[in-house]
There are 2 protein chains.
Amino acid sequence: MEQISNGNADLTPAPLRKRGGGRAGSAARRGAAAILQSPWRIPLNTDRPTEPLDDAGIHAIHEAAMTVLEEIGVAFLNPEAIAILTQAGCLVEGDLVRMDRDFVTEMLAHAPPEWTITARNPAHTLPIGGNHILFGNVSSPPNYWDMSLGCKVPGTRDHCANLLRLTQYFNCIHFSGGYPVEPVDIHASIRHLDVMFDSLTLTDKVLHAYSLGAERVEDVMEMVRLAGGLSEAEFTATPHLFTNINSTSPLKHDYPMLDGWMRMARRGQGLIVSPFTLAGAMAPVTMAGAVVQSLAEGLSAIALAQYINPGVPCAFGTFTSNVDMKSGAPAFGTPEYMRATQMTGQMCRHYGLPMRASGSCAANVPDGQAMWETSNALWSAVQSGANVVYHAAGWLEGGLIASPEKFIMDCEVIQQIQRYFEPALTATTPGDLALEAMREVRQNGHFFGTQHTQDRYTTAFYQPFLSDWRNYEGWEQSGAVWTAERAHTLYLRILDDYHAPPMPDANRAALEAFVIARKEAGGAPTDY
Amino acid sequence: MEQISNGNADLTPAPLRKRGGGRAGSAARRGAAAILQSPWRIPLNTDRPTEPLDDAGIHAIHEAAMTVLEEIGVAFLNPEAIAILTQAGCLVEGDLVRMDRDFVTEMLAHAPPEWTITARNPAHTLPIGGNHILFGNVSSPPNYWDMSLGCKVPGTRDHCANLLRLTQYFNCIHFSGGYPVEPVDIHASIRHLDVMFDSLTLTDKVLHAYSLGAERVEDVMEMVRLAGGLSEAEFTATPHLFTNINSTSPLKHDYPMLDGWMRMARRGQGLIVSPFTLAGAMAPVTMAGAVVQSLAEGLSAIALAQYINPGVPCAFGTFTSNVDMKSGAPAFGTPEYMRATQMTGQMCRHYGLPMRASGSCAANVPDGQAMWETSNALWSAVQSGANVVYHAAGWLEGGLIASPEKFIMDCEVIQQIQRYFEPALTATTPGDLALEAMREVRQNGHFFGTQHTQDRYTTAFYQPFLSDWRNYEGWEQSGAVWTAERAHTLYLRILDDYHAPPMPDANRAALEAFVIARKEAGGAPTDY
């Protein structure tokens, strides 16, 4: 067990710890990469989505969601939101807001079907929507597990920083969601300052801000602005980060989430709402019912954002799953989860909204169960036409554990999904049809030596970095190492190989000064 | 390491060994099942297939396959087949046969798009084609691995019998392919007699006959006829078993496969041809090219069968994958494999043929890699509209190892795929939309206690038998057991729970007498 400190952290940003020394990293010095990975790319999902609902089914779910919004209503536990929705003409009684379908439809019409988030490194700017499918790291587990520990421990800043290094390292990971593990050794009042400092200096990819009270959201937006060296006008001109809020199911939005949501909306940043509608617990036991409730919760938040800032970029996130009937624990990657994700995809296309889904599992360790559950979840994201796949790498125990081994195993799967989308795999040009090669080989021998093969073999097939494709004897001779253990070894090599992305000195200095000043001012309240 | 005997086996069928005693099994005596599993069902794949080829792509692949058949030709290393194809008007030079597209098209038109195989237990009769998707056990690995051994050993009759028991036990397994592991402790001359005796008495599901010489095929057909108590007319009236042949890529069919294929064709039994076209080795390095070659090989065998017995039931099997660029070893469940499977699905629909695909992986042990590769393979079978999924449970090391732990892990995944196809998951009746339940719960509390939940909770969600959905602490308290080890424990419990299906005494006696007589006659030649 690690020793966990919950005491106050230093006021100055902690040195960025990593194996093997300084920020420049050792890969450049050594000249050898830890792994041969796929290049950065923005995958286009060219598959026709899997659509279990027919038109009548889509209509039925839409009608039911509108009925929930009109008749049952959604609670907005935030006076400012209530005032805005009253002004908008919604039927308000206390915290309860009923929206008619005309208002919702009018607001949804403002939401852009596609938008971008500009990363600190412009090469990592992300298109959200259309046929794009993007993958992010695990977000927000309070605990950490790795094979050298062999047990679950509360997350620390070091764990978090190392998972951020993996996030930056892997080209197949497009963005960082929430903290890849919650560093509970940093006091909650200043945690956002330290983790955002680490996130901004250890990665140059798109980042997320937690909607947990005014100070956190404003601090994080300011830090992203400073790290990018942006003016306020430049910052608000286009999204530079995003937030993801979860409703408090059933049918409630809480104060801090709404507060952050509205602040981000006003400054034109990316907004994702993902109701956590666990069928049989906080949502109806039927999958269609859970999707209906999820839509009512999510669309009501999007309507609010569009009323505040028409055209602000929004996306709808599905986080509908079912409980274990024995224990009540959430299950993930189940058949019901897959179908709910696919149905939500159909509804997102119906409303013209980009869609978020997840990689997820209930397994506690990075074993076979973890991988079939995560594969089910990831393939359902593909099948549903999801644009943003949260938690795609590193998630265990229903989101309560982050694991570097699982992160690396998931990246092998994600790389394969990205490779799967390359048009070359299903091309039918004369060269692909290979008649000349078959005329050459006929019934005799093999294709290894043909010019057709020689011209293509280096790029013809996906090349794994973690899968072991040797036969049993070859695998046994090299130690008979199972996948999770191989991933652990790679994890250590990748940390050694990692190097931080560059940041102009002035931006870094501004960021450091901001963190110090905000710590001196006491950080954020912790009574949320 | 186990002690392996390669000597001659007894002439009498060996007693059917299993843990815990006699044939009646202990489950009935104990009154408790080892696991709670899903019921037997014939799943309907209601998903629209994933179709990477547009019409032009389908046409291009078809044209290329026809060009191969017309211009390059396929070698039929069997004089009888050559005589038949000469008579049919094909262009024959030595072993080489060129078929024109009109002949192939005419022959394919005879092939029924759907057909059935009647099992010894009529309740296990299988519809092949249409939207049906069926799953079979692993077939033909020469080696066996389980966690108590901890190493790879040559397969034995005991291993084989235990895997047959799993095949019978799991409702999600619809048929037995080839021997689930090759029992190399039985002499090859009589191996088919002993393993078919075990298969017919340990299971009552649809079985496969190897096309490995006249005697084996004829013996196995006769044993299936005797076990079912069928007259010759009853046996040939409809398929009661099937064979699967592999071409000798590139573009060759060998003597024994063709011999068995023609014998089965004459007696109206199920015929599946699955070219093993490994892109970059025995087939072009491009996936479209490998599919073209696969089609030419497979369609030529189907044309032969249809000429011999027009209307005989055939299916086309895809076994197209790629090699590891480093080692030349076959890889499975790769992005390329998935796309080849989907493209083949489109071509099978183009030709009106039922389709076979596979569950497969390159992993050597039942770990994370095994499950993501197998998940990729199984989901590509679903996406391609495959009707028959061979090797769906128990396969490791590219088909060189059979493992009971992997078998049980795969069955958990297969059960989930079968559950995924239940229409209830995406139903949108008023009860599914759950408006009344939401009106009842509103913003307060949860859905556990509602009548809506009470009416549905026992069947609302998939219930796993192997997945552990408890939180980390619950899992840790029960021993922190990883998936493969849990599967091993279940394996032992299932063997204890297994009971053999009934067989009329007269049929059993006829079967035993046949085995004895054929052993006395020396079995089958072993020079194939």
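These numbers were taken from a predicted model, which means no experiment stands behind them.

Asker: What is the right way to look at the packing of helix 13 (residues 404-420) of chain A against helix 12 (residues 368-384) of chain B in this model?
Answerer: The relative placement of two packed helices comes down to the angle between their axes together with the axis-to-axis distance. Two elements in contact, helix 13 of chain A and helix 12 of chain B, have axes separated by 10 Å at closest approach and are oriented at 30°. Between helix 13 of chain A and helix 12 of chain B, the angle is such that the two are roughly parallel. Taken as a pair, helix 13 of chain A and helix 12 of chain B cross one another with a handedness that is right-handed. Of helix 12 of chain B, the residues touching helix 13 of chain A (which contributes Met409(A), Glu412(A), Val413(A), Gln416(A) and Tyr420(A)) are Gly368(B), Trp372(B), Asn376(B) and Gln383(B). When the residues that make up the contact of helix 13 of chain A with helix 12 of chain B are grouped by side-chain class, the tally is 4 nonpolar, 4 polar and 1 charged.

Asker: Just checking my understanding: could you explain the pattern of salt bridges for this structure?
Answerer: Think of it this way: side chains of opposite charge can pair up when their charged atoms draw near. All names here are of chain A. Evaluation of the coordinates by the stated rule reveals 54 salt bridges over all chains. Among the salt bridges present, the one from Asp198 reaches Arg157, with a minimum N-O distance of 2.8 Å. Of this pair, Asp198 sits in helix 6 (residues 188-202) while Arg157 sits in helix 5 (residues 157-169), placing them 41 residues apart in sequence. Assigned by exposure class, Asp198 and Arg157 land together as buried. A single salt-bridge network, built from bridges that share partners, covers Glu218, Glu232, Asp259, Arg263 and Arg267.

Asker: Explain the sheet that holds strand 16 (residues 355-358) of chain B here, please?
Answerer: Adjacent strands of a sheet form backbone hydrogen bonds with each other and so pair up, either parallel or antiparallel. All names here are of chain B. Taken in spatial order, the 6 strands line up as 6-17-16-13-11-9 in an open sheet, and their pairing is parallel. Looking at strand neighbours, the two that pair on one side only are strand 6 (134-137) and strand 9 (242-245), the edges of this open sheet. On average, each strand axis in the sheet is inclined to that of its neighbour by 25°, with strand direction left out of account. Strand direction decides the pairing type here: strand 16 and strand 17 (residues 388-393), joined by 3 bridges, are parallel.

Asker: I keep staring at the sheet that holds strand 10 (residues 252-253) of chain A and nothing clicks. Help me out?
Answerer: Across the sheet, 4 strands lie side by side as 2-3-1-10 (chain A); this open sheet has mixed pairing. Of all strands in the sheet, those with a lone pairing partner are strand 2 (91-93) and strand 10 of chain A, marking the two edges.

Asker: It is not clear to me how the confidence of the model for chain A should be interpreted in this structure. Could you clarify?
Answerer: The predicted coordinates ought not to be read in detail in places where the model reports low pLDDT. In this model, chain A carries an average pLDDT of 93, and 94% of its residues clear a pLDDT of 70 or more. The complex model carries a pTM of 0.94, and its ipTM stands at 0.94.

Asker: It is not clear to me how the nonpolar core should be interpreted in this structure. Could you clarify?
Answerer: Nonpolar side chains tend toward joint burial in soluble globular proteins. Core analysis: the largest hydrophobic core is formed by 331 residues, its most contacted members being Phe170(A) and Phe170(B). Apart from the residues within four sequence positions on either side, Phe170(A) is in contact with Ile35(A), Gln37(A), Lys205(A), Phe407(A), Ile408(A), Cys411(A), Phe465(A) and Ile494(A).

Asker: Could you clarify how one ought to interpret the environment of Tyr457(A) in this entry?
Answerer: Looking at the element boundaries, Tyr457(A) is found in helix 17 (residues 457-460). Owing to a relative accessible area of 37%, Tyr457(A) belongs among the partly exposed residues under this scheme. It is 61 Å that separates the C-alpha atoms of Tyr457(A) and Ala88(A), two residues lying 369 residues apart in sequence. Leaving out residues up to four positions away in the same chain, Tyr457(A) has contacts with Val285(B) and Met325(B).

Asker: What exactly am I supposed to notice about the pairing of strand 4 (residues 114-117) of chain A here?
Answerer: Within a regular beta strand, the side chains point alternately toward one face of the sheet and then the other, so they alternate between its two faces. Residues and elements named next belong to chain A. The two faces of strand 4 differ: Trp115 and Ile117 on one face are buried, but Glu114 and Thr116 on the other face are not. In terms of strand pairing, strand 4 meets strand 5 (residues 126-129) through 4 bridges, oriented antiparallel. Bridge assignment links Thr116 to a residue of strand 5, and that residue is Pro127.

Asker: Explain helix 3 (residues 79-87) of chain B here, please?
Answerer: Working note: α-helix, 3.6 residues per turn, so residues spaced by three or four point in the same direction. Residue and element names in this part refer to chain B. Along helix 3, the residues classified as buried are Ala81, Ile82, Ile84 and Leu85. Burial along helix 3 is one-sided: seen end-on, the buried residues are contained in an arc of 165°. Turned more than 90 degrees from where helix 3 packs its buried face, Pro79 and Gln87 sit exposed. Those residues of helix 3 hidden inside the fold are in contact with strand 1 (74-76), strand 2 (91-93), strand 3 (96-98), helix 9 (255-266) and helix 10 (287-308). A positive backbone phi angle near 95° is found at Gly89, which sits one or two residues after helix 3.

Cut-offs and rules
- Residue positions within a chain follow its written sequence, with the count starting from 1.
- Chain letters and ligand numbers both follow the written order, the letters beginning at A and the numbers at 1.
- Local features in this predicted model are restricted to residues whose pLDDT is 70 or higher, and side-chain atom pairs enter the listing and the counts only when it is 80 or higher, whereas totals over whole chains, interfaces and linings include all residues.
- Hydrogens and water are ignored here; the side-chain numbers use all heavy atoms of the structure.
- Here the axes come from fitting lines to C-alpha atoms, over the contacting stretch only for helices, and the angles between their N-to-C directions go from 0 to 180 degrees.
- Strands are runs of DSSP state E lasting at least two residues, helices are runs of H or I lasting at least four, and both sets are numbered from the N terminus onward.
- When an angle is under 35 degrees it counts as roughly parallel; over 145 it counts as roughly antiparallel; between 65 and 115 it counts as roughly perpendicular; any other value is oblique.
- Less than a right angle of anticlockwise turn of the near helix away from the far helix marks a crossing as left-handed, whereas a clockwise turn marks it as right-handed.
- The contact rule is simple, with two residues in contact once any of their heavy atoms fall within 4.5 Å.
- Here the term charged refers only to Asp, Glu, Lys and Arg, the term nonpolar to Ala, Val, Leu, Ile, Met, Phe, Trp, Tyr, Cys and Pro, and the term polar to all other amino acids, Gly among them.
- Each salt bridge in this description consists of a side-chain nitrogen of Lys or Arg and a carboxyl oxygen of Asp or Glu lying within 4 Å of one another.
- We call a residue buried when its accessible area falls under 20% of the maximum for its residue type, exposed when it is over 50%, and partly exposed in between, using a 1.4 Å probe and counting protein chains only.
- Any two strands with at least two DSSP bridges between them are considered paired.
- One confidence number per residue, pLDDT, is output by the predictor and ranges from 0 to 100.
- What makes a nonpolar core is a set of buried Ala, Val, Leu, Ile, Met, Phe, Trp, Tyr and Cys residues whose side-chain atoms join them at distances within 4.5 Å.
- Each direction from the helix axis to a C-beta atom contributes to the arc, which is the arc of those directions.

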